[in-house]
Amino acid sequence: MSGTVDTTQELAAFLRTRRERLDPHDFGLPSRRQARRTPGLRREEVAELAGVSIDYIVRLEQGRGLRPSANVVEALAQALRLAPDERAYLFNLAQQRPRNADQPATTAAPPLARLVADLSPLPAMLMNHRYDILAWNGEMARLLLDFDTLPPSQRNSMWLCLMHPRMREFYVDRERVVREGIAHLRAAWAAHPEDRALTGLIAEFTARDEEFARLWAERDIKVNGRGRKEMRHPDVGVITVDFEVLMPLQDPDQRLVFYRAVDDESQSALDRLCAR
């Protein structure tokens, strides 16, 4: 076995095996066992389901150097009834970028919501790519805000940072926090062009906040998976934390964020805060 993947041949083999695994009965097609010399669907049936020519399917399955477009790959994935992981594999083999199959997460996956609670006493929360806060534990609520008191439309960490009166002075290095948040939003905006809610948020921020409009125009791109934040809490003083962002394989649009105190003074402040 060679050390590299021949994507053309692997694409051909993958399409053949997935076609041969399909049951004609699932498509309302007659089995005609005597006429079907191979298992699964015929090439012409897949071609019809995908809206492409039979010759195109033949050339793909023979590994004759075709590179199908993203639209054709999507049509093939639907025709072959690929599972999400198989669909992603097909897009990778075709060297195409898949469209997002699902709508952005607006509710927390139950196992992740339980994990957020289980992470206590570490402050933790769950967000989607647009910074909507989907779940949180008591420690995070005491550190930042009581999210239960906010309408769902305001449970967005960027909205809070920019618009909420208490949060505007919460971060010691506010411009860096805002700049990094905007760099993440721009990356998310490019990856989710169909997300109208995200586009609406960006339009609102641009219209209402001069700092956001200025930094957005700089077109910085950056996604931080870890870092440090220094916060001025009105009750216990300055708290410095390291944060970590994890993306679950099963729910890749959800991001688990948790904080750890970086020194004894910050840990003591967090302990006093959580004991209140």
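Below is a summary of the structure that appears in this document.

Scoring rules and cut-offs
- Once a new chain begins, its residue numbering starts again from 1 and follows that chain's sequence as written.
- Residues qualify for local features only when their pLDDT is at least 70, as the model is predicted, and side-chain atom pairs are given and counted only at 80 or more; totals for whole chains, interfaces and linings, by contrast, use all residues.
- No hydrogens and no water enter the side-chain calculation; it runs on all heavy atoms of the structure.
- Burial classes follow relative accessibility: with a 1.4 Å probe on protein chains only, a residue under 20% of its type's maximum area counts as buried, one over 50% as exposed, and anything between as partly exposed.
- In this text, helices come from DSSP runs of H or I with a minimum length of four residues, and strands from runs of E with a minimum of two, each type numbered from the N-terminal end.
- The criterion used for residue contact is that any of the two residues' heavy atoms lie within 4.5 Å.
- Expected span, for any helix, means 1.5 Å times one less than how many residues it has.
- Starting at the helix axis, one direction is taken to each C-beta atom, and the arc is that of these directions.
- Method remark: on a 1 Å grid restricted to protein atoms, a set of points is classed as a cavity if a 1.4 Å probe fits but cannot get out and as a pocket if it is open with protein on both sides within 12 Å along at least five of seven lines; lining residues have an atom within 4 Å of a point.
- Grid points are joined across faces, edges and corners, and a volume is the space filled by probe spheres set on the points.
- Residue type decides the class: Asp, Glu, Lys and Arg count as charged, Ala, Val, Leu, Ile, Met, Phe, Trp, Tyr, Cys and Pro as nonpolar, and the leftover types, Gly among them, as polar.
- When DSSP finds at least two bridges between two strands, those strands are taken to pair.

### Examining helix α3 (residues 54–61)
Piece 1. Within the span of α3, buried status applies to Tyr56, Ile57, Val58, Leu60 and Glu61.
Piece 2. If you follow the buried residues of α3, they end up packed against α1 (7–20), α2 (43–50) and α4 (70–79).

### Things to note about helix α12 (residues 264–275)
Piece 1. In this model, α12 (12 residues) spans 16 Å end to end at C-alpha, consistent with the 16 Å of a helix rising 1.5 Å per residue.
Piece 2. Along α12, the residues classified as buried are Ser266, Ala269, Leu270 and Leu273. For α12, the arc enclosing every buried residue in end-on projection is 100 degrees, short of the 170-degree limit, so these residues lie on one face. Relative to its buried face, α12 has exposed residues pointing more than 90 degrees away, namely Asp264 and Ala275.
Piece 3. Tucked into the core, α12 has its buried residues touching α7 (138–143), β3 (226–233), β4 (237–246) and β5 (254–261).

### Describing the layout of surface pockets
Piece 1. There is about 580 Å³ of room inside the second largest pocket.
Piece 2. Taken together, 33 residues line the second largest pocket, and the ones lying closest to its centre are Met127, Tyr131, Gly181, His184 and Lys229.
Piece 3. Those elements that provide at least two residues to the lining of the second largest pocket are β1 (124–128), α8 (157–163), α9 (174–191), β4 and β5.
Piece 4. In terms of residue count, α9 provides more of the lining of the second largest pocket than any other element does, 8 residues in total.
Piece 5. Across the lining of the second largest pocket, the residue classes break down as 22 nonpolar, 8 polar and 3 charged.

### Observations concerning empty space enclosed by the protein
Piece 1. Considering all chains together, one arrives at 1 cavity of 30 Å³ or more under this definition.
Piece 2. Quantified by volume, the largest cavity comes out at close to 40 Å³.
Piece 3. Residue lining of the largest cavity: Leu15, Arg19, Val46, Ile57, Glu61, Leu76 and Leu80, and that is the complete set.
Piece 4. Those elements that place two or more of their residues in the lining of the largest cavity are α1 and α3.
Piece 5. In terms of residue class, the lining of the largest cavity is built from 5 nonpolar, no polar and 2 charged.

### Description of the pairing of β4
Piece 1. Strand direction decides the pairing type here: β3 and β4, joined by 8 bridges, are antiparallel. Note on β4: the bridge partner recorded for Met231 is Ile239.
Piece 2. Hairpin remark: β3 followed by β4, antiparallel, with 3 residues in the connecting loop.
Piece 3. Sheet analysis places β4 next to β5, joined by 6 bridges and oriented antiparallel.

Just geometry here; none of it tells us what the structure is for.
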